[in-house]
Amino acid sequence: MHISSILPFLLGCTVPNADWDVRASLPENYFPAATRMLAGEVTLFGGYLQGGDTWAIQDRTAVVLRWDGTAPATVWTGRGWVVDLAVQGDIAWLLAGTLKASGADSDYSAARSLDRGLTWQDLGPVTVPNAERLLVVSRDEAWVLGPGVLGRTTNGGHSWSSVVAPGHRNSVEERLVGDADNVLIVGDGVRATKDGGSTWLDNDVDGSHVEAVAGSLVLARSGGKLRLGRMEPGTVRWISTFPAGLAPFRLVASGSTIRFLATPAAGHSGVVLYQSVDNGKSWKARRVSSDGGASGADIDLSSGVAMDVRRRILSP
Amino acid sequence: MPSVSQTQSTRSAPNQQAQTQSTETGSSVNSAANSSMSSGQQSQQCLVGNQAIAAKLGVNAEKTPRVLPTPLPGEVGTVTYYKARYRDYRSRHDAPPPPDYYLAYGDKYANRFTTTLRPTLSPVGQKWVDRTFVLLQQAMENRLLVNRTAFDDLELDTNAFKQFAYGTHSKAYIDGGLSTLPASDLLKISTTPDLGDLATMDGVSQIIETGAQLVPQWGEQLLEEAEDTGEQVWDWATDW
């Protein structure tokens, strides 16, 4: 018996490994910011290539790599690093950062692809300070969220406007999610707008902290528990409970199939993939040997992609 | 479309003065708020950030302007880095407590690895400790540098901070030169006294996991050495 087959059990991890294989390799000096699957088995990896051997910020090159099942290809590069990557259908946007001349904090810019990441156009500066998270709604509309800030463009990045929403903006605790005609802020409950932020509808989801949303399904934390629930008018119906140490970051659902990715408790490497095919009545959990936590993996309804510590691409 | 309450409700938040919002369509407050972002509004954003922090801490925002974390490039690569980060946090926040990673994990490991482990390692192993040290701390410092406000928010959430910090470990071990270590050094790393008495054992387990993934034959060597040294390694490895 090879030790590598029993290591997960020796090391306290009792979740079986997912049956994912090495498909390709990314550059060894690649550091992920976001991994996004598009339809048609295309995945975009956004982050930076680290030059030198001391991890100095000045030695970073922002990069987006595109993988379609063959060898990954570099499709965009720039100064600095990719902060976030967002996709909507065939459209992809990236948010890039460069260190300010003062040596602290960043200036931001955006770029866009309309052909599933094959070609990119630089869109100019993003005049929203401290932007951390990006959401793309359409070809010309995108949102950014950061500590204390929420901003939006509706003209392809030509200009950006501040948006006010209930509550405090905190990019550690909140995420932006697109859902049909709505833009959602997910965190302290769910807040939804379908008019660009002029008005907001609010669901406090039983006072819980929401980690991920897919349609009416939420993964939320309250009372020390992580639970999956279905939002209904004025309430939420809880369906399943999961280990409290999990930190989910991607939820997808259609019909009776529900899947989500989560990072395990801090210190354990990899991510965990949970899947149900009976509307959450029963679950299978599989461990994926992924590096970079939420930055290095993504799933859709039937497949998934992850990057391991050696920068190899893993997929079923 | 998520099912939100059918009545438009405003989630009230304390100390939201300039940012008071109504959810009624066309309100003048919202119209004023939905204006182009200029550099002059950055101070307003700081105010919002202050209000967010103040709300978290239950204090009046206007009396507590947000003080951002201080970059500490001169501390990177030193055994005192994590204590310095801890002190910087305490200089800015009375509550909540600093991320427990700083002292319970970072500082503890820094001392264990440098004073207890390093002298026992081969020259190659000692270089690995030195390099990994720098990389782990540089990763933390870089996160601060790219967005000091976001780093401040991260520090205020001890679990998120721990998740971030541990997320840098595996690559730091690799880039520090883990693949150059002899199996005997790997065994010493995994059996250094007191590294196993913490929940942070997870961090050490990453080394073994990373090592086994990187160099499969280590697994065999480790197994053989463990059999030679008897129960000690297995007791440690299975003592969860």
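Residues numbered from 1 in each chain as written. Chains lettered and ligands numbered in written order. Predicted model: local features only at pLDDT ≥ 70, side-chain atom pairs only at ≥ 80, totals over all residues. Heavy atoms only, no water.

A. Up close: the sheet that holds strand β22 (residues 247-254) of chain A. Residue and element names in this part refer to chain A. Taken together, the four strands give an open sheet; going across it, the order is β22-β23-β24-β25, and neighbouring strands pair in antiparallel fashion. Either end of the sheet is taken by a strand with one partner, and the two such strands are β22 and β25 (284-288). The average angle at which neighbouring strand axes cross in this sheet is 20°, direction not considered. Pairing between strand β23 (residues 257-263) and strand β24 (residues 271-276): five bridges, direction antiparallel. (Pairing = 2+ DSSP bridges. Helix = DSSP H or I, 4+ residues; strand = E, 2+ residues; numbered from the N terminus. Axes fitted to C-alpha atoms, helices over the stretch in contact; angles between N-to-C directions.)

B. How the structure looks around the pattern of salt bridges. Summed over all chains, the structure comprises 26 salt bridges over all chains. Between K100 of chain A and D107 of chain A there is a salt bridge, with the nearest N and O atoms lying 2.7 Å from each other. Residue classification places K100 of chain A among the partly exposed residues on the basis of a relative accessible area of 29%. Note on D107 of chain A: relative accessible area 38%, which makes it partly exposed. Put simply, R66, R85, D88, R92, E141, D152, D153 and E155 of chain B are held in one network by salt bridges that share partners. (Salt bridge = Lys/Arg side-chain N within 4 Å of Asp/Glu carboxyl O. Buried < 20%, exposed > 50% of the residue type's maximum accessible area, 1.4 Å probe, protein only.)

C. Structural context of the environment of W200 of chain A. All names here are of chain A. Along the polypeptide, W200 turns up in the loop between β16 (189-193) and β17 (201-203). Along the sequence, W200 and V183 sit 17 residues apart, while their C-alpha atoms lie 9.5 Å from each other. In this structure the side chain of W200 is engaged in a polar contact, spanning 3.0 Å, whose partner is the backbone oxygen of V164. There is a polar contact of 3.1 Å between the side chain of W200 and the backbone oxygen of G197. (Polar contact = N/O pair within 3.5 Å; in protein donor to acceptor, adjacent residues only side chain to side chain.)

D. Looking closely at the confidence of the model for chain B. Residue and element names in this part refer to chain B. Across chain B, the average pLDDT comes to 68, with 52% of residues at 70 or higher. Long-range and interchain partners of residues 195-204, a stretch whose pLDDT sits below 50, account for 31 contacts in this model, where long-range means more than four residues apart. Confidence drops under a pLDDT of 50 for residues 215-219, and excluding neighbours within four residues, the segment shows nine contacts in the predicted structure. Taken together, the chains of this predicted complex give a pTM of 0.83 and an interface ipTM of 0.94. (pLDDT = per-residue confidence, 0-100. Contact = heavy atoms within 4.5 Å.)

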